[in-house]
Amino acid sequence: MKQNPKYDNEVNNNHQVNNDPINIDQSRLDSREQLELALGEQLNALISAAHALNVKAAARFDSSLQPAAFHIVRWLYSYGPASAAAIAEATAMDRSAVSRLIKQLESLGYVSREASPDDGRAILLSLTEQGQQQTIAALNEKGSVFFGRTAVWNDDELHQFIHMLKQFNGL
């Protein structure tokens, strides 16, 4: 079989065929690094957008409170009554900061204290009805932004996105 040098050059140029394994690996590495940089940029954008939405939702909840107070409220909404120490640990917040924020939330009528049914000496914190309603309103507004971004996706795209996020998050 006769070889065609012109054809061989076109294949090498068009498909980047290269017999040098060092160059192939370096080109793959460069490509992988570019992909990872692009992923990092998108994750940064997501984290920034999520943070901005959290701040906006916190202001929607009650603009007189710091966003950290809304973090506590969201935790109580999701997980129910808990001690101040458990909230501080679960939210990775300083106990004194949690204590101060809970006092503010109590004074505004969003959080109440009650004795633990298991141990009458322990105090459990929970959202009041007003706290729950304010939380729902703030979270609905926040959720509408995310749902608006995925509304044009079909179910397969949404399923794939969820699956990939679960993998990324190690779940």
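Going by the structure above, here's the rest.
A.B. asks: When you look at helix 3 (residues 67-79) in this model, what are you seeing that I'm missing?
C.D. replies: Taking 1.5 Å per residue as the helical rise, helix 3 with its 13 residues ought to reach 18 Å, and the 18 Å between its terminal C-alpha atoms agrees with that figure. Three or more residues of helix 3 are buried, namely Ala69, Phe70, Ile72, Val73, Arg74, Trp75 and Leu76. Just downstream of helix 3, glycine 80 is the residue with a positive phi angle, here 85 degrees.

A.B. asks: What should I look at first to understand the environment of isoleucine 102 in this one?
C.D. replies: Take isoleucine 102: it is sitting in helix 5 (residues 95-107). As a C-alpha pair, isoleucine 102 and alanine 69 span 33 residues in sequence and 7.4 Å in three-dimensional space. Excluding residues within four positions of it along the chain, isoleucine 102 makes contact with Ile72, Ala84, Ile87, Val111, Arg113 and Leu125.

A.B. asks: Looking at this structure, I do not really get the packing of aromatic side chains. What am I missing?
C.D. replies: Two aromatic rings, taken as a pair, are described by how far apart their centres are and by the angle between their planes. This structure, assessed with the given rule, holds four aromatic pairs. Ring geometry for phenylalanine 61 and tyrosine 110: centres 4.6 Å apart, planes at 50 degrees, overall tilted. Of the two residues, phenylalanine 61 sits in helix 2 (residues 21-61) while tyrosine 110 sits in the loop between helix 5 and strand 1 (111-115), which places them 49 residues apart along the sequence. The class for tyrosine 110 is buried, based on a relative accessible area of 6%. Taken together through their ring pairs, the aromatic side chains of Phe61, Phe70 and Tyr110 make up a single cluster.

A.B. asks: How should I be thinking about the pairing of strand 2 (residues 123-127) in this particular structure?
C.D. replies: Two faces make up the sheet, and in a regular strand the side chains alternate between them. Of all five residues making up strand 2, four are buried, and the element is well covered by its neighbours. Of the pairings in the sheet, the one linking strand 1 to strand 2 comprises five bridges and is antiparallel in character. Of the residues in strand 2, the one forming a bridge with alanine 115 is isoleucine 123.

A.B. asks: What's the story with the pattern of salt bridges in this structure? I'm lost.
C.D. replies: Once the charged atoms of two side chains with opposite charge are near each other, the side chains can pair. Counted under the stated rule, the structure contains four salt bridges. With a shortest N-O distance of 2.8 Å, glutamate 106 and arginine 113 are connected by a salt bridge. For glutamate 106, a relative accessible area of 25% translates into the label partly exposed. Residue classification places arginine 113 among the partly exposed residues on the basis of a relative accessible area of 44%. Arginine 121 is paired through a salt bridge with aspartate 119; the nearest N and O atoms lie 3.1 Å apart. According to the relative accessible area criterion, arginine 121 is exposed, its value standing at 74%.

Calculation rules
Residues numbered from 1 in each chain as written. Predicted model: local features only at pLDDT ≥ 70, side-chain atom pairs only at ≥ 80, totals over all residues. Heavy atoms only, no water. Helix = DSSP H or I, 4+ residues; strand = E, 2+ residues; numbered from the N terminus. Expected span 1.5 Å × (residues − 1). Buried < 20%, exposed > 50% of the residue type's maximum accessible area, 1.4 Å probe, protein only. Contact = heavy atoms within 4.5 Å. Phe/Tyr/Trp six-rings, centres within 6.5 Å; stacked < 30°, edge-to-face > 60°. Pairing = 2+ DSSP bridges. Salt bridge = Lys/Arg side-chain N within 4 Å of Asp/Glu carboxyl O.

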